[in-house]
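Coordinate inspection notes
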Number of protein chains: 2
Amino acid sequence: MKKIRTIFPVLFVLIAMIIVFTHCGESISEKTEAPGELTELQKRTLTFISPLPEHAFEEGMNQSQEIIDLGKMLFFEPRISKSGLISCNTCHNMATFGVDQLPVSVGHGWQKGPINAPTVLNAAFHISQFWDGRAADVEEQAGMPILDKLEMAATEEHVLAVLASMPEYVERFRAAFPDQEEPLIYENVGNAIGAFERILVTPSPFDEFLKGNANALTQEQKKGLEVFLDVGCQACHRGVALGGDMFAFFKTPKERETGEAHPGRFGFTEREADKHFFKVPSLLNIAKTYPYLHDGSVWSLAETVNIVAKDMLSKELTEEQTQLIVAFLHSLTGEIPAYALEIPILPPSTPQTPRPRFDI
Amino acid sequence: MKKIRTIFPVLFVLIAMIIVFTHCGESISEKTEAPGELTELQKRTLTFISPLPEHAFEEGMNQSQEIIDLGKMLFFEPRISKSGLISCNTCHNMATFGVDQLPVSVGHGWQKGPINAPTVLNAAFHISQFWDGRAADVEEQAGMPILDKLEMAATEEHVLAVLASMPEYVERFRAAFPDQEEPLIYENVGNAIGAFERILVTPSPFDEFLKGNANALTQEQKKGLEVFLDVGCQACHRGVALGGDMFAFFKTPKERETGEAHPGRFGFTEREADKHFFKVPSLLNIAKTYPYLHDGSVWSLAETVNIVAKDMLSKELTEEQTQLIVAFLHSLTGEIPAYALEIPILPPSTPQTPRPRFDI
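About the cut-offs
- Residues numbered from 1 in each chain as written.
- Chains lettered and ligands numbered in written order.
- Predicted model: local features only at pLDDT ≥ 70, side-chain atom pairs only at ≥ 80, totals over all residues.
- Helix = DSSP H or I, 4+ residues; strand = E, 2+ residues; numbered from the N terminus.
- Buried ≥ 20, exposed ≤ 12 C-beta atoms within 10 Å, placed from the backbone.
- Contact = placed C-beta atoms within 7 Å.
- Least-squares fit on C-alpha atoms with pLDDT ≥ 70 in both.
- Nonpolar A, V, L, I, M, F, W, Y, C, P; charged D, E, K, R; others polar.
- Axes fitted to C-alpha atoms, helices over the stretch in contact; angles between N-to-C directions.
- Parallel < 35°, antiparallel > 145°, perpendicular 65-115°, else oblique.
- Left-handed = near helix turned anticlockwise from the far one by under 90°.
- Domains from an automatic or database assignment.
- Core = buried A, V, L, I, M, F, W, Y, C linked by C-beta atoms within 7 Å.
- pLDDT = per-residue confidence, 0-100.
- Expected span 1.5 Å × (residues − 1).

**Examining the overall build of chain A**
- Scanning chain A from terminus to terminus reveals 16 helices and two strands.
- Projected onto the principal axes, the alpha-carbon positions of chain A cover approximately 105 × 50 × 30 Å.
- A total of 360 residues make up chain A; the buried ones form 46% of that total.
- Look at the contacts in chain A between residues 6 or more apart in sequence, and 70% of them connect residues 24 or more apart.

Structure, rendered in structure tokens:
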């Protein structure tokens, strides 16, 4: 009788251990996993983050194939720059996920820009454009680097003269803006490029996961997602783009060290409260859009995760936590639409096309 | 009787005039046109010029999909440049028929090159590479601008360190050169890019014409081809590429005017006889690869035709002749293979990848 009494607790502990070890590799969120039903982790994630829509057009927007095709041509068109050498794709290179993978971009006359170039992929989902949000949308944004002295260094007159000199562009502007009497205006350059950007949506394994397929992420990535949520990253990195929908105060370690910090949104609003406020970057395709932070001063994703967790959430991550979050972040690398990767053939210049100029 | 005698010559002249006017729009070459049979013009042309092969690989060359895919990635790879910004495609832009449409290219540090960048399309058919022929083939050529201080400004060590830092490239070199123990060597960078260039073949309406379809050219283009042959352009612009198979003495009007002329092949051979000798440029896609001549000093194709006819053949062309030749030259604009227009997705950098450097 005594022996049996001793065996029972031992058996109980053994059975409990077997249960614990068997389920060791599974996270708590797996428990309710069943076909067609969302896991706890999926449900929890969906309260902060939504799957990507197919495109970023809003109700009533011109989303004809004509405007998208024109926008793509303009995106790859170097002749709208002063030098005839630099196109949107120079710094927002499709081969490298819509960025140049440089700390700051290099433009006309080998001049360096003041800030890291963000990717154009999924950018249309952001609350506004540029790190400081000074452009309301991709349409407004697209027209600005073309005129920036450090970037493409053109003038509106130059751009319109270039485009008006080629009958194919004149025809394409007419087709893209059929209701306008004078479609070849500078505003429509941005409108067309913006339309192209609105289809630059990159569904990823994480997107599959959000849409219901719990196996779209690896076990490690799911654990990483849990750590991501436990740490609280979704406080800023939320919505369809895991970022891009709010502004936050941020100085990079390099800026703190040198004492020279970018003014951020203050440079645009001139409100004291906006000093060093930057748009929270999207985490989509983050594994491909290094170097990181607004000055492009950090190349390692793990290091970036640590810096941001500490600065923004006062959390010191363990090595394992960092590694898991990084694994999760890799699930945000998506597929660029094949259409965006097909280089358009540009129409030939004519005697009326302004010549390239290399002076600064 | 006298009346009849007068009527006969008048009738004869009338009938002759009707025959002449009826056939006015047709060139002499049409006379023997029949299905499956070559016209006189086709036969005449084929004695100087051959249709394009499907690719430019020679017997025994490695032409696996693996080497071509790797070559395409390297062609679009900016990280093999010192700055991480410039790729082969920067100056040999597929969107603009494999050229930058600039007089001379702009490279590392916004430095200008000494000569106009020729197109990579169909370049593998040339007798040798560069205007001065200093590279034997596209494989040898491809490795040179990467190391040129004015162009991509890299070193062999930099290029190999960049490629060795990314597991995907290491694997791709292994797959592209399966028989080599150490495939990741600088020579193979050129070998792979060269393999990609060997498929950059652009069949045109003129190519259709040479292959038997006499209607692939317009009447105007056929007349232009006749003028082209009558004037004697095929003396130099012959073979599959209508050029690229010999060297000739040439100074551009600008060079004559300024007295500063590029040394041409002399700069490479240092033989007096090679002074100002340049490889005869190919005419394929010539309507798209302006500006013209080795210094890119002339933007008009018609003007170029006149300059070359006068300088090389001592022929003063009439306005009509020039216009017809230009019409013919437009029939040489071909189709870039769709594969070459699909931007490859490049593998992500790693902590071992050398960082971009912008100093000159």
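**Thoughts on the relation of the copies chain B and chain A**
- Overlay of chain B on chain A (RMSD 0.0 Å): rotation 180 degrees, translation along the axis 0.0 Å. Taken together, these values place the two copies in the relation of a two-fold axis. Minimal C-alpha distance to the rotation axis in chain B is attained by B:E342, lying at 2.3 Å.
- Of all interface residues in chain B, 100% are interface residues in chain A too; the two copies therefore contact each other through one and the same surface.

**Some thoughts on the interface of chain B and chain A**
- Each partner contributes to the interface: chain B provides 28 residues, whereas chain A provides 29 residues.
- When grouped by side-chain class, the residues that make up the side of chain B that touches chain A number 18 nonpolar, seven polar and three charged.

**Observations regarding the packing of helix 3 (residues 65-75) of chain B against helix 8 (residues 167-176) of chain B**
All names here are of chain B.
- Look at helix 3 against helix 8: their axes get within 8 Å of each other, and the N-to-C directions meet at 140 degrees. Overall, the two elements helix 3 and helix 8 adopt an arrangement that is oblique. When you trace helix 3 past helix 8, the crossing you get is left-handed. Two secondary-structure elements touch here, helix 3 through E66, I67 and L70 and helix 8 through R172, F173, A175 and A176.

**A few points about the environment of A:E320**
All names here are of chain A.
- Checked against the element boundaries, E320 lands in helix 15 (residues 319-330).
- With 11 C-beta atoms packed within 10 Å, E320 lands in the exposed category.
- Residues E320 and P203 lie 117 residues apart in sequence; the distance between their C-alpha atoms is 27 Å.

**Here's the deal with the domain arrangement of chain A**
Residue and element names in this part refer to chain A.
- Under the domain assignment used here, chain A contains domain 1 (31-52 + 202-330) and domain 2 (65-201).
- Using only C-alpha atoms to locate each centre, domain 1 and domain 2 end up separated by 27 Å.
- Across the contact, 28 residues belong to domain 1 and 23 residues belong to domain 2.
- Looking at the side of domain 1 that touches domain 2, the elements that each hand over two or more residues are helix 13 (266-269) and strand 2 (277-279).
- Partitioning the side of domain 1 that touches domain 2 into residue classes produces twelve nonpolar, eleven polar and five charged.

**Observations concerning the nonpolar core**
- Counting residues in each nonpolar core, the largest one holds 162 residues, and the members touching the most others are A:A192 and B:A192.
- Discounting residues that sit within four places of it in the chain, A:A192 has contacts with A:I67, A:L70, A:G71, A:L74 and A:A176.

**Section: unusual backbone geometry**
Residue and element names in this part refer to chain A.
- Cis geometry marks the peptide bond from Y290 to P291; its omega dihedral reads -10 degrees.
- Relative to the elements of secondary structure, P291 occurs in the loop between strand 2 and helix 14 (301-313).
- Even without being a glycine, Q101 presents a positive backbone phi close to 55 degrees.
- Q101 sits in the buried class, given 25 other C-beta atoms within 10 Å.

**Observations regarding the confidence of the model for chain A**
Residues and elements named next belong to chain A.
- Of all residues in chain A, 90% have pLDDT values of 70 or greater, and the mean over the chain is 93.
- Segment residues 20-33 is flagged for pLDDT under 50; beyond a separation of four residues in sequence, or across chains, it makes 18 contacts in the model.
- Scoring the predicted complex yields pTM 0.89 and, for the interface, ipTM 0.87.

**Quick notes on helix 11 (residues 219-231) of chain B**
Residues and elements named next belong to chain B.
- In this model, helix 11 (13 residues) spans 18 Å end to end at C-alpha, consistent with the 18 Å of a helix rising 1.5 Å per residue.
- Buried within helix 11 we find Q221, K222, K223, G224, L225, E226, V227 and F228.
- Those residues of helix 11 hidden inside the fold are in contact with helix 2 (40-46) and helix 15 (319-330).
- Backbone geometry just downstream of helix 11 places G232 in the positive-phi region, at approximately 105 degrees.

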